[in-house]
Amino acid sequence: MTDASTLHDAVVIGGGPAGLAAAIALAQAGARTALVARRVPYADNRTTALLGASVDLLEGLDVWPRCKGKAAALEIMRLVDDTGRLFRAPEVRFSCHEIALDAFGYNIDNRSLMLAMEERAAELPNLVRCDDEAESVVIEADDVAVRTASGEFLSARLVVGADGRHSLCREAAGIAVTRRDLTQTALTFNVGHARPHRNVSTEFHTPHGPCVFVPLPGDRSSIVWVSAPAEAERLRGLSDAELSAAIEKQSHSILGRMTVEPGRNLFPLAIERPKSFGRDRIALVGEAAHVVPPIGAQGLNLGLRDAADIARLAGEAIAAGQDPGAPDVLKRYDRVRRPDILSRTFAIDIANRSLLNDFLPLQPVRAVGMHLLGAIGPLRRFAMREGLTPTWRR
């Protein structure tokens, strides 16, 4: 419990990976921080591919050493055109060794990542935990008042909204959001397979979206299978044996016989973007700030960069004796995050649209583009580096 009379430098609302990362990063940056989030066991078996800078951030937060043993390295990324169309793109392979890296990143189950974050958060003396949900967020001139469901009150000069797609913080700041529902649904589950993946992630491009096989430790992979909503529902309803056969067929048996593990999740896809990423003492991170399809493993990686940027800017303000929730700090946060979020959203949207579009003249354009990406070394290396870390962050 926190003292209602205490004015925190920052209150983070939301205890997912982006919220926990923001709370830890803010505390390490010297901010007196409170985290408002219900402690609940992480219920599903979803995984996250942490790319480049995300691993560096978690290393700096002393989170990565606690969970890296549960992760699988991603050394090669394969893009395979499985659309069956008249003009098909050649296979493209990206190797981390071509840009002098040991790995593009690591795939880890979210449960292990969250446990490591929770452990680290509990060690920080200037990070207090309110095991509750925020019920109201009221912005005042000099601070923000937060009331929890159990009636506790907290106040802070800065509130970080990590409270997801239906963000209470975003609503309190009056930040409008644009949303476009996609006629696609992602089915996620994990499989064991007979052949080793050799740290190769393979993304099959189908007419309805990507089907991605991402390595896990051992002879296991996590699957994100994007398809039309009715087809995703049908697949989820299959027996284990039937789904195992279906995913093996979709993979063209590249990993041999597959065995579906318990746990399946469906996620209707959408693209969401708020008009502002920070305003009126509220900074948005994670899915409160952006919702994108699961292409290129950008979702949580964007959220971790949100966390890093707001912690850096708030920490600089506090070190200079300034208000971390002041308008100029939030304007800088919006300015820093905008090009990253907008460029990633645009690239993901275009890549997704190119799969769904059956317009014949566009097929050779996509095929030629993929051919050039695979054949021209400097272009391929630029794409790899840009996929890991945006140019303006280097």
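The structure contained in this document is the topic of the report that follows. No experiment lies behind these values; they were computed from the predicted model shown.

Conventions used here
- Residues numbered from 1 in each chain as written.
- Predicted model: local features only at pLDDT ≥ 70, side-chain atom pairs only at ≥ 80, totals over all residues.
- Heavy atoms only, no water.
- Helix = DSSP H or I, 4+ residues; strand = E, 2+ residues; numbered from the N terminus.
- Contact = heavy atoms within 4.5 Å.
- Salt bridge = Lys/Arg side-chain N within 4 Å of Asp/Glu carboxyl O.
- Buried < 20%, exposed > 50% of the residue type's maximum accessible area, 1.4 Å probe, protein only.
- Core = buried A, V, L, I, M, F, W, Y, C linked by side-chain atoms within 4.5 Å.
- Expected span 1.5 Å × (residues − 1).
- Axes fitted to C-alpha atoms, helices over the stretch in contact; angles between N-to-C directions.
- Parallel < 35°, antiparallel > 145°, perpendicular 65-115°, else oblique.
- Left-handed = near helix turned anticlockwise from the far one by under 90°.
- Pairing = 2+ DSSP bridges.

What about the environment of Leu235?
Then, in step 1: When you line up the elements, Leu235 lands in helix H6 (residues 229-236).
Then, in step 2: Leave out the neighbours within four places in its chain, and Leu235 touches Leu187, Trp225, Ser227, Leu243, Ala246 and Arg264.

Overview of the pattern of salt bridges
Then, in step 1: In this structure the tally under the stated criterion is 30 salt bridges.
Then, in step 2: Between Asp9 and Arg157 there is a salt bridge, with its nearest N and O atoms 2.7 Å apart. With Asp9 in strand S1 (residues 7-13) and Arg157 in strand S11 (residues 153-161), this pair connects stretches of sequence that are 148 residues apart. One exposure class covers both Asp9 and Arg157, and it is buried.

Focus: the nonpolar core
Then, in step 1: Core analysis: the biggest nonpolar cluster contains 69 residues, and Val11, Leu50, Val63, Leu113 and Met117 have the highest contact counts within it.
Then, in step 2: In contact with Met117, not counting residues within four places along its chain, are Pro17, Leu20, Ala21, Ile24, Leu58, Val63 and Leu304.
Then, in step 3: Counting 18 residues, the second-largest nonpolar core is a separate cluster that includes Val80, Leu187, Phe189 and Leu235.

Considerations on helix H4 (residues 110-123)
Every α-helix carries 3.6 residues per turn, so stepping three or four residues along brings you back to the same face.
Then, in step 1: If you check H4, its first and last C-alpha atoms are 20 Å apart, about what 14 residues at 1.5 Å a residue would give, namely 20 Å.
Then, in step 2: Three or more residues of H4 are buried, namely Asn110, Ser112, Leu113, Met114, Ala116, Met117, Arg120 and Ala121.

Some words on the packing of helix H1 (residues 17-28) against H4
Packed helix pairs are characterised by how far apart their axes lie and by the angle those axes make with each other.
Then, in step 1: It is at 10 Å that the axes of H1 and H4 come closest, and there the two elements cross at 30°. Judged by the angle between their axes, H1 and H4 are roughly parallel. In this structure, H1 crosses over H4, and the sense of that crossing is left-handed. Together, Pro17, Leu20, Ala21, Ile24 and Gln28 of H1 and Met114, Met117, Glu118, Arg120 and Ala121 of H4 make up the contact between the two elements.

A few points about the sheet that holds strand S3 (residues 47-51)
Then, in step 1: Strands sit in the order S3-S7-S4 across an open sheet of three strands; the sheet is antiparallel. Each edge of the open sheet is held by one strand with a lone partner, namely S3 and strand S4 (72-74). In this sheet, neighbouring strand axes are inclined to one another by 30° on average, regardless of whether the strands run parallel or antiparallel.
Then, in step 2: Judged from the five bridges that link them, S3 and strand S7 (residues 105-109) form a sheet pairing that is antiparallel. In the sheet register, Thr48 faces S7, and the bridge partner there is Ile108.
Then, in step 3: The sheet strands contacting helix H2 (residues 53-60) are S3 and S7, and the helix crosses S3 at an angle near 95°.

Some points on helix H8 (residues 299-319)
Then, in step 1: With 21 residues, H8 extends 31 Å between its outermost C-alpha atoms, agreeing within 8% with the 30 Å of an ideal straight helix rising 1.5 Å per residue.
Then, in step 2: Burial runs high along H8: 15 of the 21 residues are buried.
Then, in step 3: Directly after H8, the chain includes Gly321, whose backbone phi takes a positive value near 75°.

Concerning unusual backbone geometry
Then, in step 1: Phi at Ala100 is positive, roughly 60°, even though this residue is not glycine.
Then, in step 2: Considering the arrangement of structural elements, one finds Ala100 in the loop between strand S6 (92-95) and S7.
Then, in step 3: The class of Ala100 is exposed, set by a relative accessible area of 71%.
Then, in step 4: The phi dihedral of Arg281 falls on the positive side, at around 70°, and the residue is not glycine.
Then, in step 5: As for its position among the elements, Arg281 is in the loop between strand S18 (278-279) and strand S19 (282-284).
Then, in step 6: Judged by relative accessible area, which is 10%, Arg281 ranks as buried.

With respect to the pairing of strand S10 (residues 144-148)
Then, in step 1: Alternating positions in S10 separate cleanly, Val144, Val146 and Thr148 being buried on one face and Ala145 and Arg147 remaining unburied on the opposite face.
Then, in step 2: Where strand S9 (residues 134-139) lies against S10, five bridges are found, and the strand directions are antiparallel. The residue of S10 that forms the bridge with Ala134 is Thr148.
Then, in step 3: Hairpin connection from S9 to S10: four residues lie between these consecutive antiparallel strands.
Then, in step 4: As paired strands, S10 and S11 are joined by four bridges and run antiparallel to one another. Residue pairing in the sheet places Val146 in a bridge with Leu154 of S11.
Then, in step 5: Here S10 hands over to S11 after four residues, with Gly151 in that stretch at a positive phi of 95°.

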